[in-house]
Amino acid sequence: MQIQFNTDDNVEGHDALAQQVTAEIENVLGRFSDQLTRIEVHLSDENAGKSGGADKRCLMEARPTGRQPMAVTHQAATLEEAYRGAARKLRSMAESTFGKLVDQKGAASIRDNEHR
């Protein structure tokens, strides 16, 4: 699973922030690493440095193998809250998506080659 990190002009995309985001994604979404080829993270500051409420935004887009991309957005007061919230939303979406492929009405799906 490849992780691509992007920021807008109002967010300093230093190495420490990239490492924190990468560690969070690997922690929250690591169990899906076989099903996800790439995750793109886009951090932005909606108010361009002005103080305010939930002006930090994180957009995460996951590329599942052989499926359409999945995307989530989370806005919060801090960058850390924004990327953590987005990672949790993406995990929930992945659990729902990949769970449906494996378990249909309590039985193995014909779409899952491991259960054949």
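This text gives an overview of the structure that appears in the document. (Residues numbered from 1 in each chain as written. Predicted model: local features only at pLDDT ≥ 70, side-chain atom pairs only at ≥ 80, totals over all residues. Heavy atoms only, no water.)

**Re the sheet that holds strand S4 (residues 70–76)**
Next up, step 1: In space, the four strands of this open sheet follow the order S1-S2-S3-S4, with mixed pairing throughout. If you trace the sheet from one side to the other, it starts and ends with strand S1 (2–7) and S4, each paired once. Between one strand axis and the next, the sheet turns through 15 degrees on average, direction left out of account.
Next up, step 2: As judged from the six bridges shared by S1 and strand S2 (residues 36–45), these two strands associate in the parallel manner. Bridged to Ile 3 within S2 is Ile 39. (Pairing = 2+ DSSP bridges. Helix = DSSP H or I, 4+ residues; strand = E, 2+ residues; numbered from the N terminus. Axes fitted to C-alpha atoms, helices over the stretch in contact; angles between N-to-C directions.)

**So, the pairing of S4**
Next up, step 1: Of the two faces of S4, the one lined by Met 70, Val 72, His 74 and Ala 76 is fully buried and the one lined by Ala 71, Thr 73 and Gln 75 carries no buried residue.
Next up, step 2: Across seven bridges, the pairing between strand S3 (residues 56–64) and S4 is antiparallel. When the sheet's bridge partners are listed, Cys 58 is paired in S4 with His 74.
Next up, step 3: The turn joining S3 and S4, which pair antiparallel and follow one another in sequence, is formed by five residues; a positive phi near 70 degrees is taken by Gly 66. (Buried < 20%, exposed > 50% of the residue type's maximum accessible area, 1.4 Å probe, protein only.)

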